[in-house]
Each structure stands twice: as C-alpha cells, then as structure tokens.
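# Analysis of the macromolecular model
In case you want the letters, here they are:
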Amino acid sequence: MVPESPGNGLDQVIKTLCLMLLRDPVAQVRWTAACALGKLPPVAAAIVTRTLCYAALHDPDPTVRSQCALILAQGYRSPQVKETLSLVVPPATQSSMEITTILMLSANPKGTDALRLDQERRDIEEGLRRSSQRERFRLETRVAVRAEDVRRAMLDYEPTIVHFSGHGAKENGLVLEDVSGNPALVSGEALAGLFELFADRLQCVVLNACYAEVQAKAIVTVVPYVVGMNAAIADDAALAFAVAFYDGLGAGREVEFVFKLSCNAISMAGSSQNNV
C-alpha cells in the first residue's frame, strides 16, 4: 500500500507516517498520523492521497476514518478522493466540510494613487477570524502582483474566491505591476481565459478597483459570480464593501445576500452603491 520513494528526509517522514496510519495498532496513534499527513506540503499529495483514501475506507476505528475523510474533503480534489468520499461521506456533509479558499491579490504600482491595501487585508482577516464559521475559510494573500504571480497563485491554491484590490483602467484592463513595480495592464479577456481553466473550483471574483466593469463583464462569462466597479470609488467605500462582503460570507450567508450587504455598507459609508 505505501509507495516506494527516494530516501530524502521528507520522503522518509511521509513513509513513516503512512506506515503508522496503516499499521499501528493504537487508534489514537493512527489519528495523529492522519493529522500530520494532512499538514504535509503539496509535493506529498500523491502518496498522502492514496494512504488517506485507504484509511478512510478501511480503518477499523470510525474516528480515524472520519478524520481521514475530513482531511481529504478539505485539501484534496483528485478523482480517487471524490470516489472515496462518495463511499464514506454523504454529499451534504461533504459540502459542509469543504474549505473556501480566498485568494487576495493586490497591486499599487509606482505612479498610481496610494491605496490602503494593508488595512483592507487586515480588516478582512480580522472579520473572518471572528466569524462563526471561521474554520471553513482560508485566506491567502499575494501583494504587488505581476501577471505571472496571478497564474502561480491560482495553481498553488486553486481558490474558490479571487479578490483583487487595486486600480482599474476601463477597457485597458486591471493595473498590475511589472518587475520594476511600474504599472502593467492585463485585459479582462486574458483574466477570463485564466479563470476559465479553474472553473471547476472558482465560484466568485471580486474586483475591488475603480473602472473594472469591462473586466467583470468578461470574467462573468466563465465564473458564476463577479463583482466589479463601474466608476471611481472612494478608498473608504471600497474598504467598507470588502469588509462587509467577507463578514457576510463568514456568517454563512450566500453570495447574493452578501453582495446586497456590501452595497449597503457603501451607502452607510456615504458613497453611492450605483458604482458597483
């Protein structure tokens, strides 16, 4: 059952944990091994997936089986995992176990108006941390993003939600950065093409940037929910919108409700919600 692997340090740790999970006679030890396997880096996924799937199906202890299924539901999405979960976990329970990964991207290149991006990220983190369903969310951030950073982050995290904070340039695109920190435009069509490749996972894109309506209209052809600003929006209003959006998600509300809540937050900040 445990695949052979080269003898480097990480592979030895993986093999030891897999053997513990599959063969140790003590259920608590097997449960601990499963938890440790679930925290290993993505490079270990192929080995870990096979071991966790086997344990989720065949471990004699129901607590160990449940823990393995939980780890698989939260972090693995291969066909083998889907088949295993279909056998051990009801569909409704699978949905409640899934982690929503939010990828927050930001850019404020040289020569553009300064934005309070650090405060936005901090306030969103705080809102999710205090929310009633905080265990269901994982926030990953990338700052000063270039086009290649967006691509790599999508590959690394396979997010459920992508949130961009920065500047828009109407039909010219969103304003990212180049290697020198200067503005670099990326079109809505290019973003839509990238996001389409992750459509099996990506459910929502938030463009918290002025003049991003064109990009939003391009992206919504491949992503179910897209939010964009059709005009200039004050920094305070953009911040209020973002914080309210994730407060609502953290409370377990659906996207439609959260959008209305966020628009109301803009109004309460003294700006027009017609810009969204």
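These figures come from a predicted structure and were not determined experimentally. (Residues numbered from 1 in each chain as written. Predicted model: local features only at pLDDT ≥ 70, side-chain atom pairs only at ≥ 80, totals over all residues. Heavy atoms only, no water.)

### Focus: the overall build of the protein
Helix and strand counts for the protein come out as 12 helices and 7 strands. The 276 residues of the protein split such that 45% are buried. By sequence separation, contacts in the protein at least 24 residues apart represent 63% of the contacts at least 6 residues apart. As displayed, the protein offers around 13600 Å² of accessible surface, 52% of which is attributable to carbon and sulfur atoms. (Helix = DSSP H or I, 4+ residues; strand = E, 2+ residues; numbered from the N terminus. Buried < 20%, exposed > 50% of the residue type's maximum accessible area, 1.4 Å probe, protein only. Contact = heavy atoms within 4.5 Å. Areas by Shrake-Rupley, 256 points an atom, 1.4 Å probe, with all protein chains shown as cover.)

### Some thoughts on the environment of Phe198
Along the chain, the position of Phe198 falls in the loop between helix H9 (188-196) and strand E6 (204-209). Since its relative accessible area comes to 12%, Phe198 is described here as buried. Between the C-alpha atom of Phe198 and that of Met154, which follows or precedes it by 44 residues, the distance is 7.8 Å. Ignoring anything within four residues of it in the chain, the contact list for Phe198 reads Met154 and Leu155.

### Notes on the pairing of E6
A regular strand carries its side chains on alternate faces of the sheet. Of all 6 residues that make up E6, 6 are buried, and the element is covered over most of its length. The side-chain alternation of E6 yields two buried faces, one formed by Cys204, Val206 and Asn208 and the other by Val205, Leu207 and Ala209. Summarising the sheet, E6 and strand E7 (residues 225-228) pair through 4 bridges and their orientation is parallel. What sits directly across from Cys204, in E7, is Tyr225. (Pairing = 2+ DSSP bridges.)

### Description of helix H8 (residues 147-157)
Those residues of H8 not exposed but buried are Asp149, Val150, Ala153, Met154 and Tyr157. Viewed end-on, H8 has its buried residues packed into an arc of 135°, placing them on one side of the element. The outward face of H8, more than 90 degrees from its buried face, is lined by the exposed residues Leu155 and Asp156. Its buried side turned inward, H8 meets strand E1 (100-106), strand E2 (137-142), strand E3 (161-168), strand E4 (174-177) and H9. (Arc of directions from axis to C-beta.)

### Points about the environment of Thr112
Looking at the element boundaries, Thr112 is found in the loop between E1 and helix H7 (117-130). Judged by relative accessible area, Thr112 falls into the partly exposed class, the value being 24%. Once residues lying within four places of it in the same chain are set aside, the contact partners of Thr112 are His167 and Pro183.

### A few points about the packing of H7 against helix H11 (residues 235-250)
With their axes 9 Å apart at the nearest point, H7 and H11 run at an angle of 20° to one another. Judged by the inter-axis angle, H7 sits roughly parallel to H11. Crossing of H7 over H11 shows right-handed handedness. Residues Gln119, Glu120, Asp123, Ile124, Gly127 and Leu128 of H7 lie in contact with H11, whose contacting residues are Leu239, Ala242, Val243, Tyr246, Asp247 and Gly250. Residue classes in the contact of H7 with H11 are distributed as 6 nonpolar, 3 polar and 3 charged. (Axes fitted to C-alpha atoms, helices over the stretch in contact; angles between N-to-C directions. Parallel < 35°, antiparallel > 145°, perpendicular 65-115°, else oblique. Left-handed = near helix turned anticlockwise from the far one by under 90°. Nonpolar A, V, L, I, M, F, W, Y, C, P; charged D, E, K, R; others polar.)

### Quick notes on the environment of Gly173
Of note, Gly173 is situated in the loop between E3 and E4. Distance from Gly173 to Gly188, taken between C-alpha atoms, is 5.9 Å for residues 15 residues apart in sequence. Here Gly173 is in contact with Gly168, Leu185, Val186, Ser187 and Gln215, once residues within four sequence places are set aside.

### Quick notes on the side chain of Glu120
By secondary structure assignment, the location of Glu120 is in helix H7. In this structure Glu120 is buried but unpaired, with Arg121 as the nearest side chain of opposite charge at 8.4 Å. Once residues lying within four places of it in the same chain are set aside, the contact partners of Glu120 are Met104, His163, Ser165, Asn208, Leu239 and Ala242. (Lys, Arg positive; Asp, Glu negative; His and termini not counted. Salt bridge = Lys/Arg side-chain N within 4 Å of Asp/Glu carboxyl O.)

### Topic: the nonpolar core
If you look at the biggest cluster of nonpolar residues, it comprises 27 residues, and the most contacted ones within it are Met154, Phe164 and Phe195. Those elements giving two or more residues to this core turn out to be E1, H8, E3, E4, H9, E6 and helix H10 (213-219). If near-sequence neighbours (up to four positions away) are discounted, Met154 is found in contact with Leu103, Pro159, Val162, Leu194, Phe195, Phe198 and Leu202. With 22 residues, the next largest nonpolar core counts Val206, Ala242, Val258 and Cys263 among its residues. (Core = buried A, V, L, I, M, F, W, Y, C linked by side-chain atoms within 4.5 Å.)

### Digging into the pattern of salt bridges
Tallied over the entire structure, the rule returns 8 salt bridges. For Arg116, the salt bridge is made with Asp236, and the minimal N-O distance between the two is 2.2 Å. In this pair, Arg116 is assigned in the loop between E1 and H7 and Asp236 in helix H11, connecting sequence segments 120 residues apart. Assessed through its relative accessible area of 48%, Asp236 is described here as partly exposed. In this structure, the salt-bridge partner of Arg146 is Asp149, at a minimum N-O distance of 3.2 Å. Judged by its relative accessible area of 17%, Asp149 is buried.

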